[in-house]
Amino acid sequence: MARMPLAQRRQQLVDAAIAVLTRDGVPKATTRAIVAEAGTSLSVFHYCFDSKQELLDAVIKTLVGTTVDLAEASFADGATRREMVRAGLEAYWSHVVANPDHHLLTYELTQYCLRTPGYGEVARQQYEHYAHAFIALLEGIGATPALPSEVMGRYLAALIDGVTLDWLVRRDDTSSRRVLDLMAQQIDEVMLLPETAPSRA
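Being a predicted model, the structure only gives us computed values, none of them experimental.

Engineer: Please explain the packing of aromatic side chains as it appears in this structure.
Structural biologist: Aromatic ring pairs are defined here through the distance separating the ring centres and the angle between the ring planes. On inspection of all chains with the given rule, the structure shows 5 aromatic pairs. Aromatic side chains tyrosine 92 and tryptophan 93 sit 6.3 Å apart centroid to centroid with 50° between the ring planes, which places their arrangement in the tilted category. Accessibility expressed as a relative area gives 16% for tyrosine 92, which makes it buried. The exposure class assigned to tryptophan 93 is buried, which follows from its relative accessible area of 0%. Centre to centre, the rings of tyrosine 127 and tyrosine 130 are 4.8 Å apart; their planes meet at 70°, and the pair counts as edge-to-face. You can see tyrosine 127 and its partner tyrosine 130 sitting in helix α7 (residues 120-140), 3 residues apart, about one turn around the helix. One aromatic cluster is present, formed by Tyr92, Trp93 and Trp167 through successive ring pairs.

The structure is reproduced here in structure tokens:
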């Protein structure tokens, strides 16, 4: 087996876990199935992760990180704040439409972790990641929340979570994009402090 830096080996196992989880479902994604997908061994798994719970948390971080990166890449120089908010939502939404199985997996992970003794903390951390991701994105466009960050992050996470699940059930693109338009308007007009006009010399 080729030697590989720890971070790279961990990512290899995370990618394998996502493949197995998406294809076979959460209950069938045993550590043996994951290491087989990665072409490695159980000893390597235990070297990289203390537990399956830690691996699932890394899976969730990777899935969240992918959509955050896409949103950040959508922010264009010179765009208005609302345009950047809407562009970020659209970047996320394009990923949902292109990768519905990955987003379905996030709901399956939540249900599995809530129902499995010892895994509840993974589900809790999942929703912490969601809330923190929204706050980080707003900070990235220089926006100041009009609400406490804790409340703002959880509210936005709940909104996008609901819109995503609704689309996974109904697959109504037109309706979902109208909701995203409304969400961008609400974020810009109600949930963020007014933009400060540039000072004149």
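Still to come is the rest of the account.
Engineer: Sorry if this is basic, but what is going on with helix α2 (residues 31-38) here?
Structural biologist: Residues spaced three or four apart along an α-helix face the same direction, because each turn holds 3.6 residues. Ile34, Val35 and Ala38 are the residues of α2 that are buried. Down the axis of α2, the buried side of the element spans an arc of 95°, and every buried residue falls inside it. Residues of α2 that are exposed and point over 90 degrees away from its buried face: Arg32 and Ala36. Each element contacted by the buried residues of α2 is listed here: α1 (6-24), α3 (42-48) and α4 (52-73). Glycine 39, located one to two residues past α2, shows a positive phi value of around 70°.

Engineer: Sorry if this is basic, but what is going on with the side chain of glutamine 126 here?
Structural biologist: Residue placement: glutamine 126 occurs in helix α7. Among the polar contacts listed, one links the side chain of glutamine 126 to the backbone oxygen of threonine 106, at a separation of 3.0 Å. With residues up to four places along the chain from it excluded, the contact list for glutamine 126 reads Ile60, Thr106, Leu109 and Thr110.

Engineer: Teacher, can you tell me more about α4 here?
Structural biologist: For α4, built from 22 residues, the straight-helix expectation of 32 Å at 1.5 Å per residue is met to within 8% by its first-to-last C-alpha distance of 32 Å. Every buried residue of α4 is accounted for by Lys52, Leu55, Leu56, Asp57, Ala58, Val59, Ile60, Leu63, Val64, Thr67, Val68 and Ala71. Where α4 is buried, its residues meet α1, α2, α3, α5 (81-98), α6 (100-115) and α7.

Engineer: How should I be thinking about the environment of threonine 31 in this particular structure?
Structural biologist: Position of threonine 31 relative to the elements: it lies in helix α2. For the pair formed by threonine 31 and histidine 46, sequence separation is 15 residues and the distance between their alpha carbons is 9.6 Å. Setting aside anything within four residues of it in sequence, one finds threonine 31 in contact with Leu42, Phe45 and Lys52.

Engineer: When you look at the nonpolar core in this model, what are you seeing that I'm missing?
Structural biologist: Judged by nonpolar contacts, the single largest core of 60 residues is most densely connected at Leu21 and Val59. Per-element tally for this core: the top contributor is α4, with 9 residues. The residues touching leucine 21, leaving out its near neighbours within four places in the chain, are Val26, Ala29, Leu56, Val59, Leu105 and Leu109.

Conventions used here
- Residues numbered from 1 in each chain as written.
- Predicted model: local features only at pLDDT ≥ 70, side-chain atom pairs only at ≥ 80, totals over all residues.
- Heavy atoms only, no water.
- Phe/Tyr/Trp six-rings, centres within 6.5 Å; stacked < 30°, edge-to-face > 60°.
- Buried < 20%, exposed > 50% of the residue type's maximum accessible area, 1.4 Å probe, protein only.
- Helix = DSSP H or I, 4+ residues; strand = E, 2+ residues; numbered from the N terminus.
- Arc of directions from axis to C-beta.
- Contact = heavy atoms within 4.5 Å.
- Polar contact = N/O pair within 3.5 Å; in protein donor to acceptor, adjacent residues only side chain to side chain.
- Expected span 1.5 Å × (residues − 1).
- Core = buried A, V, L, I, M, F, W, Y, C linked by side-chain atoms within 4.5 Å.

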